[in-house]
Amino acid sequence: MRTSEKILVIGSSGQIGTELVQNLRAIYGIDSVIASDVKVTEQAKEGPFEVIDVMNADSLLEIVKRHKVTQIYLLAALLSATAEKMPKFGWDLNMQGLFNVLDLAKEKHIEKVYWPSSIAVFGPNTPKINTPQYTIMEPSTVYGISKQAGERWCEYYFNKYSVDVRSLRYPGLIGWKSAPGGGTTDYAVHIFHEAIKVGKYECFLSENTVLPMMHMEDAIKATIGIMQAPTEQVKIRSSYNIAGCSFSPKEIALEIQKHIPDFTITYKPDSRQQIADSWPQSINDEYAQKDWAWDKKYDLQALTADMIKNLKK
Ligand code: AKB
């Protein structure tokens, strides 16, 4: 592995960024990983940090040049529920941010780009069970439309300009170190906090809504794994399906009750139900397994036990 790597993580104080920065710093060293967000956060105390508005291409270029950045992980985005409330801003942020970073790679200022896609690229006409890599997509949310368009642009920049861009379609991500914000799958994190704090949880999705989910440790392993994979192994340059485990609110509540027997759950579906109903229930990730040896660690039982153990601490 190259030791002269300089990595910029944009949107580093969010759910994924918080853990990704810690993991990248453990591998590459603190000074080789620059955290950045639209405002100064606690992360600024832990190592190099820049305030970056990803919409501002000039300041992005200045920071990339100043730090001699070689790789960018672009995590700044509006997630599904928030983007439905601000469709125009959601589209602008999710697309312009991506163009600004892809253009840096096209103009050879950086060598490699990571950009997250999502199961939101799929829509109501997609086969819901074991959703294949290649299938009907037709997303019905602003977030999903921006992710699908983004995937097309990533592949385009790879084919036309040889931009080394790599991407994963994340399912709902569940971790104890950082909180999610603005997603439809967020309930699967909140439920643990509430179960431990007050012993009950009101879920904004209905009890049998099955969605694909993943422990954050697996997501970080997949993210760094695809970025470190030899170029020739990364055969899909739009975005790879990756799978963790699938469950409904009722199933996770039953699993939590094995650790906290008095835990109770009630259901009050809101506008996020419609988004969840348009998404797959389970994902086929055979291409990721075959191409760059992706393998997950956590199932629902292991994920629940790990969340409860760590949040109780
Ligand atoms: C969301 O719920 O919007 C995200 C996602 C599945 O991409 N967690």
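As the structure is a computational prediction, the values presented were derived from the model and not from experiment. (Residues numbered from 1 in each chain as written. Predicted model: local features only at pLDDT ≥ 70, side-chain atom pairs only at ≥ 80, totals over all residues. Heavy atoms only, no water.)

### A few points about the packing of helix α6 (residues 187–197) against helix α11 (residues 300–312)
Cut-off, in case you're wondering: Whenever a helix is involved, its axis is fitted only over the stretch in contact; in every case the axis is a line through C-alpha atoms, and angles between N-to-C directions fall within 0 to 180 degrees. Secondary structure elements follow DSSP: runs of H or I of four or more residues count as helices, runs of E of two or more count as strands, with numbering from the N terminus. The cut-offs work like this: below 35 degrees is roughly parallel, past 145 is roughly antiparallel, 65 to 115 is roughly perpendicular, and the gaps in between are oblique. Here a crossing is taken to be left-handed if its near helix is turned anticlockwise relative to the far helix by less than a right angle, and right-handed if that turn runs clockwise. The contact rule is simple, with two residues in contact once any of their heavy atoms fall within 4.5 Å. Ten residues, namely Ala, Val, Leu, Ile, Met, Phe, Trp, Tyr, Cys and Pro, are considered nonpolar, four, namely Asp, Glu, Lys and Arg, are considered charged, and the remaining ones, Gly among them, are considered polar.
Between α6 and α11, whose axes approach to 10 Å, the crossing angle comes to 50°. By the angle between their directions, the pair α6 and α11 is classed as oblique. Here α6 runs over α11; the crossing is right-handed. Residues Phe192, His193 and Ile196 of α6 touch α11, and the partners they reach there are Leu303, Thr304, Met307, Ile308, Leu311 and Lys312. Considering only residue class, the contact of α6 with α11 consists of six nonpolar, two polar and one charged.

### Brief notes about empty space enclosed by the protein
Selection rule: A 1.4 Å probe that fits into a set of points on a 1 Å grid over the protein atoms alone but cannot get out defines a cavity; an open set with protein on both sides within 12 Å along at least five of seven lines defines a pocket, and lining residues are those with an atom within 4 Å of a point. Grid points are joined across faces, edges and corners, and a volume is the space filled by probe spheres set on the points.
Enumeration over the complete set of coordinates arrives at one cavity of 30 Å³ or more. Roughly 30 Å³ of internal volume is contained in the largest cavity. Every residue lining the largest cavity is listed: Leu74, Ala76, Ala77, Asn94, Trp115, Pro116 and Lys147. Its residues assigned to classes, the lining of the largest cavity comprises five nonpolar, one polar and one charged.

### Some words on the side chain of serine 32
Its location among the elements puts serine 32 in the loop between α1 (15–28) and β2 (33–37). For serine 32, the contacting residues outside a window of four places in its chain are Glu5, Lys6 and Ile7.

### Here we look at the domain arrangement of the protein chain
Here is the rule: What marks off one domain from the next here is an automatic or database domain assignment. For salt bridges, the criterion is a side-chain nitrogen of Lys or Arg within 4 Å of an Asp or Glu carboxyl oxygen. Polar contacts, as used here, are pairs of N or O atoms within 3.5 Å; protein pairs need one atom able to donate a hydrogen and one able to accept it. Residues neighboring in sequence count only if both atoms are side-chain atoms.
Taken domain by domain, the protein chain consists of domain 1 (7–172 + 216–241) and domain 2 (173–213 + 245–282 + 299–312). In this structure, domain 1 and domain 2 have C-alpha centres spaced 25 Å apart. Taken together, the contacts link 27 residues of domain 1 with 24 residues of domain 2. At the boundary of domain 1 with domain 2, the tally comes to zero salt bridges. The interface formed by domain 1 and domain 2 holds 14 residue pairs in polar contact (both at pLDDT 80 or more) in total. Of all the secondary-structure elements, those providing two or more residues to the side of domain 1 that touches domain 2 are α1, α3 (80–85) and α7 (216–228). For the side of domain 1 that touches domain 2, the element with the highest residue contribution is α1, accounting for five residues. Classifying every residue of the side of domain 1 that touches domain 2 gives twelve nonpolar, twelve polar and three charged.

### What to know about α11
Side chains of residues three or four places apart in an α-helix project in the same direction, reflecting 3.6 residues per turn. Here is the rule: A helix is expected to reach a length of 1.5 Å times the quantity of its residues less one.
Taking 1.5 Å of rise per residue, the 13 residues of α11 would be expected to cover 18 Å, and the 18 Å separating its terminal C-alpha atoms lies within 8% of that figure. Buried residues along α11 sit in contact with β9 (172–174), α6, β11 (211–215), β13 (245–247) and α8 (249–257). For α11, the side-chain oxygen to backbone nitrogen distance between the N-cap and glutamine 301 is 3.3 Å, and the N-cap itself is aspartate 299.

### Structural notes on the side chain of glutamate 5
Position of glutamate 5 relative to the elements: it lies in the segment before β1 (7–10). For glutamate 5, the side chain forms a polar contact with the side chain of threonine 70, separated by 2.7 Å. Within the structure, the side chain of glutamate 5 is placed 3.4 Å from the side chain of glutamine 71, a separation counted as a polar contact. Apart from the residues within four sequence positions on either side, glutamate 5 is in contact with Tyr28, Ser32, Thr70, Gln71 and Glu111.

### Regarding the site of the ligand
Rules: Here a residue counts as near a molecule or strand whenever at least one of its heavy atoms sits within 4 Å of it. Note on areas: these come from Shrake-Rupley sampling with a 1.4 Å probe, and a residue is covered only by the protein chains present in the view. Molecule-in-pocket calls rest on the fraction of atoms, with more than half required to lie within 2 Å of the cavity or pocket grid points.
As a structural note, the neighbourhood of the ligand is formed by Leu79, Ser80, Ser118, Ile119, Tyr143, Gly183, Thr184, Thr185 and Trp279. Taking tyrosine 143, its side chain carries an N or O atom lying 2.7 Å from an oxygen atom of the ligand. One of the backbone N or O atoms of threonine 184 is found 2.7 Å from an oxygen atom in the ligand. Contact with the protein chains covers 93% of the free accessible surface of the ligand, which is 250 Å². Under a 2 Å grid-point criterion requiring more than half of the atoms, the pocket assigned to the ligand is the largest pocket. Split into classes, the residues belonging to the shell around the ligand amount to four nonpolar, five polar and no charged.

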